[in-house]
Amino acid sequence: MYRPIILWLAAFPCHASISGIAAGDAGNVYFSDWLKNKIWRIDVNGTVALVSEKHTHHLLVDRAGNLYGEHANSDGSVVSLWRRPVQGVAQDVIPPARRADRPTFQGGPFLIDIDDSVVTLKGCQIWRISGSKSTRLAGEDCGEREWSDAELRFSHIHGTLAWGPDHTIYFTDAKTVRRITPDGSAFTVQSTRIKLFSNPLPEEFKFNRALGLAVTSAGVVYVADSGRGVARIQPDGSLEWIYRSSPAWSPYGLAAAGGFVYVVEDRPDYLQPLNSMIGNPRVRRIAPDGTAVTLSTIRNEPLRIVTGIGVVVGLILMAWLTRGSRRAHLR
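This report concerns the structure included in the present document. As the structure is a prediction and not an experimental result, all values here were calculated from the model.

1. Digging into the environment of Phe31
Mapping Phe31 onto the fold places it in strand β2 (residues 29–33). The spatial distance from the C-alpha of Phe31 to the C-alpha of Arg41 is 6.6 Å, given a sequence separation of 10 residues.

2. What to know about the sheet that holds strand β19 (residues 229–233)
The strand order across the open sheet built from four strands is β17-β18-β19-β20, with neighbouring strands paired in antiparallel fashion. Edge positions in the open sheet fall to β17 (210–215) and β20 (239–244), since each of these has one partner strand only. Adjacent strand axes in the sheet meet at a mean angle of 25° when their direction is disregarded. Note: β17 against strand β18 (residues 221–225), five bridges, orientation antiparallel. Looking at β18, one finds that Gly212 is bridged to Ala224.

3. Overview of the packing of aromatic side chains
Tallied over the full model, the rule gives three aromatic pairs. A centroid spacing of 6.4 Å and a plane angle of 75° characterise the contact between Phe105 and Phe110, whose relative ring orientation is edge-to-face. In this pair, the class of Phe105 matches that of Phe110, namely buried. Positioned above the aromatic ring of Phe154 is the side chain of Arg209, whose terminal nitrogen or guanidinium carbon lies 4.0 Å from the ring centre. The positively charged end of Arg285 is found above the aromatic ring belonging to Phe260, 4.9 Å away from the centroid.

4. A closer look at the nonpolar core
If you look at the biggest cluster of nonpolar residues, it comprises 24 residues, and the most contacted ones within it are Phe110, Ile126 and Ile180. Only β9 (110–112), β10 (118–122), β11 (125–130) and β14 (169–172) provide two or more residues apiece to this core. Discounting residues that sit within four places of it in the chain, Phe110 has contacts with His58, Leu60, Tyr68, Gly69, Glu70, Leu81, Phe105, Val118, Val119, Thr120 and Leu161.

5. Observations concerning unusual backbone geometry
The backbone of Asp166 sits at a positive phi, close to 60°, despite the residue not being glycine. Note that Asp166 resides in the loop between β13 (160–163) and β14. One non-glycine residue with positive phi stands out, namely His167, at about 65°. Looking at the element boundaries, His167 is found in the loop between β13 and β14.

6. Looking at the pattern of salt bridges
Counted according to the given criterion, the structure contains 11 salt bridges. In this structure, the salt-bridge partner of Asp33 is Lys36, at a minimum N-O distance of 3.8 Å. Judged by its relative accessible area of 0%, Asp33 is buried. With a shortest N-O distance of 3.2 Å, Lys38 and Glu53 are connected by a salt bridge. With a gap of 15 residues between them, Lys38 in strand β3 (residues 38–42) and Glu53 in the loop between β4 (48–52) and β5 (59–61) connect regions that are remote in the sequence.

7. Structural notes on the side chain of Ser32
The topology assignment puts Ser32 in strand β2. Within the structure, Ser32 has its side chain in polar contact with the backbone nitrogen of Gly20 (distance 2.7 Å). A polar side-chain atom of Ser32 sits 3.0 Å from the main-chain carbonyl oxygen of Thr56. When residues no more than four places from it in sequence are discounted, the contact partners of Ser32 are Ser19, Gly20, Lys38, Ile39, Thr56, His57, Leu59 and Pro281.

8. Let's talk about the side chain of Gln106
Among the structural elements, Gln106 can be located in the loop between β8 (91–98) and β9. A polar side-chain atom of Gln106 sits 2.4 Å from the main-chain carbonyl oxygen of Pro103. Every residue in contact with Gln106, bar those within four places of it in the chain, is listed here: Val79, Arg99, Leu121, Lys122, Glu146 and Trp147.

9. Quick word on the pairing of β19
For β19, a buried count of five out of five residues is recorded, marking the element as mostly surrounded by other parts of the structure. If you look at the hairpin formed by β18 and β19, you'll find three residues sitting between the two strands, and Gly227 has a positive phi there, around 85°. In terms of strand pairing, β19 meets β20 through five bridges, oriented antiparallel. Within the sheet, the bridge partner assigned to Gly229 lies in β20 and is Arg244. The antiparallel hairpin formed by β19 and β20 contains five residues in its connecting segment, where Gly237 sits at a positive phi of about 95°.

10. What to know about the state of the cysteines
Disulfides are covalent bonds that link the sulfur atoms of two cysteine residues. Throughout the structure, instances matching the rule amount to one disulfide. A disulfide bridge connects Cys124 with Cys142, and the sulfur atoms are separated by 2.1 Å. One disulfide, between Cys124 and Cys142, carries an S-S torsion of 85° and so falls in the right-handed class. Here Cys142 lies in the loop between β12 (133–139) and α2 (145–148) and Cys124 lies in the loop between β10 and β11, a separation of 18 residues in the sequence. Comparing Cys124 with Cys142 shows no difference in burial state: the two are buried.

Rules and cut-offs
Residues numbered from 1 in each chain as written. Predicted model: local features only at pLDDT ≥ 70, side-chain atom pairs only at ≥ 80, totals over all residues. Heavy atoms only, no water. Helix = DSSP H or I, 4+ residues; strand = E, 2+ residues; numbered from the N terminus. Pairing = 2+ DSSP bridges. Axes fitted to C-alpha atoms, helices over the stretch in contact; angles between N-to-C directions. Phe/Tyr/Trp six-rings, centres within 6.5 Å; stacked < 30°, edge-to-face > 60°. Buried < 20%, exposed > 50% of the residue type's maximum accessible area, 1.4 Å probe, protein only. Lys NZ or Arg CZ within 6 Å of the ring centre and 35° of its normal. Core = buried A, V, L, I, M, F, W, Y, C linked by side-chain atoms within 4.5 Å. Contact = heavy atoms within 4.5 Å. Salt bridge = Lys/Arg side-chain N within 4 Å of Asp/Glu carboxyl O. Polar contact = N/O pair within 3.5 Å; in protein donor to acceptor, adjacent residues only side chain to side chain. Disulfide = S-S within 2.5 Å.

Here it is, written out as C-alpha cells:
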C-alpha cells in the first residue's frame, strides 16, 4: 500500500540537509534553519528569536560570545564567512568569493582559533587562514578530487571540525572520527597514527553519516550520526549510544555546553520533500544520562501544515484506491 508513496517521495531531489547548532557559555543556543535561510537563538529562558537571515550550515560561538557562520548564495557558487557580535549586526570576516576560483575558504566546516584565525578544510587538508595568509596544518593535497569524488565533496562541505583538549582538532569526514595534534599528525580515537582522509581502519567506528561533532574539555567526543542518533566516545576509545533518533527526525548538528549536549535534527531524506509544508528543524537537549527534552521546533504556518497533512492523506488514499483497482482488475 505504501510503496507508491515511498516511490513518490524518492522521485524528489534531496538536499544535503545540514542544520548547524552552537552553544555559548552564556547559555544561549543558536541553530540554523537551512530551508528558510534563517538563524535562531534560544536564550536561557527558552525564548526563541530570529537572529539573522542567512543560508548557513555550520555555526560557532567563540569565547567572547561572537557568533560565526558561513553563507552561500542560492546555488552555492559564492561563499563567505561572517561574524555577529553579541550586540550588533553580522559582518564578513572572509568576504564573498567564488568556489570556482578555489579560495582557501570553501564554505564548509570551520573553527575560530584564539588569535581569531580561521581553520577550515580544502583539498583533503586542514588550513589556517590569518588575514591574507593561508598555512597548511595537516593532510595531503588531493587537488580537484575533492569536487569530483562524491565522498570527498560531501566531507569537505558537510564534515565537521571541533576543538579538543590541548589544542587538538577533531575531524569527521562523515565516515569516522580523527584527532589531529598541533604538529599536524592524524590519529584514530584509539590513538593509531593514520592519514587524515584514509579509509577507516578495522578498529575504527564506522558511521552512516557522522555530521555533528562536539568535544568536551575532558576529551569526551559526541557524534551525531544521521539516521541513528548520538554516540559518546570516551577518552579510552569506548563508544556508547546515548540517544536514538526517531523515524521522523535525524540528528545533524551537535554542541556541548554546561554538561549538556544539544542536537539539531532535520527530517530524514525520505521526508525532505514535505519539509516546506510540515516544518523543520528541531533542537533537543540531552542530559548526561541520555534524557532528552525538546527545546524548539520550527513549524510552518497553519495553512502549510494543513496542506501538508492533506497531501499525505491524499497520497495514502490514492495508493489505497490504486491497489483496490488492481485487485478488481485481477478478478
